Amino acid sequence: MEGLVRTSVNPPSEVVADFRGNDGSMVSALKTLLFFTVLMVTVPIGLYFASKAYIFEGSLQMSNTDSYFYAAIVAVLAVHVVLALFVYVAWTEGSSQRRKGKHE
């Protein structure tokens with residue numbers, strides 16, 4: 001017992017690093033996330049119903065079951081496009097913030 005060193009469970013406050021980043025970058029990231037969340041919900045659903053009614057059943061005169069199938073493919077492709085756009089925007093937003101930090 002005598003050889004043990006007492007250490008504090010909580011480190012001193014000046015040692016704790018602040019990993020939150022700039023508040024402006026946090027707001028920007030949340031706005032981007034909210035924008036793409038709205039896109040992820042509205043674009044595939046909208047394209048599903050629009051392509052089913054106007055393109056596949058309206059213009060191409062497909063049957064009801066065939067139009068369901070092809071409209072679902074359009075919706076899945078829309079999900080992939082929105083996800084790819086989100087990844088691109090998130091990637092470029094992060095790299096531009098890093099570049100700003102290096103120049104300042």
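Residues numbered from 1 in each chain as written. Predicted model: local features only at pLDDT ≥ 70, side-chain atom pairs only at ≥ 80, totals over all residues. Heavy atoms only, no water.

Caption draft 1: Spotlight on the overall build of the protein chain. What the protein chain contains, in helices and strands, is two helices and zero strands. When the 104 residues of the protein chain are sorted by exposure, 13% land in the buried category. Restricting to contacts in the protein chain with at least 6 residues of sequence separation, those with at least 24 account for 59%. Put simply, the protein chain shows about 8,700 Å² of open surface, and 67% of that area lies on carbon and sulfur atoms. (Helix = DSSP H or I, 4+ residues; strand = E, 2+ residues; numbered from the N terminus. Buried < 20%, exposed > 50% of the residue type's maximum accessible area, 1.4 Å probe, protein only. Contact = heavy atoms within 4.5 Å. Areas by Shrake-Rupley, 256 points an atom, 1.4 Å probe, with all protein chains shown as cover.)

Caption draft 2: Geometry of the pattern of salt bridges. If you walk through the whole model with that rule in mind, you get one salt bridge. Two residues, K52 and E57, come together in a salt bridge whose shortest N-O distance is 2.5 Å. The exposure class assigned to K52 is buried, which follows from its relative accessible area of 11%. Using a relative accessible area of 28% as the deciding quantity, one classes E57 as partly exposed. (Salt bridge = Lys/Arg side-chain N within 4 Å of Asp/Glu carboxyl O.)

Caption draft 3: Structural view of the side chain of S51. Mapped onto the elements of the fold, S51 is located in helix α1 (residues 23-59). A polar contact is formed between the side chain of S51 and the backbone oxygen of Y48, at a distance of 3.2 Å. Other than its neighbours up to four places away in sequence, S51 contacts F56, A71 and V74. (Polar contact = N/O pair within 3.5 Å; in protein donor to acceptor, adjacent residues only side chain to side chain.)

Caption draft 4: Local environment of unusual backbone geometry. We note that Q61 has phi near 55 degrees; this positive angle belongs to a residue other than glycine. Looking at the element boundaries, Q61 is found in the loop between α1 and α2 (64-103).

Caption draft 5: Representation of a nonpolar patch on the surface. Side chains of F69, Y70, I73 and L77 sit close together on the surface and give an oily, nonpolar patch of about 390 Å² of accessible area. Among the secondary structure elements, Y70 is positioned in helix α2. Residue Y70 is classed as partly exposed on the basis of its relative accessible area of 36%. (Patch = residues over 30% accessible without salt bridge, like charges linked within 9 Å, V, L, I, M, F, W, Y side chains within 5 Å.)

Caption draft 6: The packing of aromatic side chains, seen in detail. Within this structure, the stated rule accounts for five aromatic pairs. Centre to centre, the rings of F35 and F36 are 5.2 Å apart; their planes meet at 80 degrees, and the pair counts as edge-to-face. When the ring of F69 is compared with that of Y70, the centres are 5.2 Å apart and the planes differ by 75 degrees; the resulting orientation is edge-to-face. Stacked on the ring of Y68, the Lys or Arg K52 has its end atom at 4.3 Å from the ring centre. (Phe/Tyr/Trp six-rings, centres within 6.5 Å; stacked < 30°, edge-to-face > 60°. Lys NZ or Arg CZ within 6 Å of the ring centre and 35° of its normal.)

Caption draft 7: Summary view of the environment of L77. In this fold, L77 is placed in helix α2. Separated by 30 residues in sequence, L77 and L47 have C-alpha atoms that sit 9.9 Å apart.

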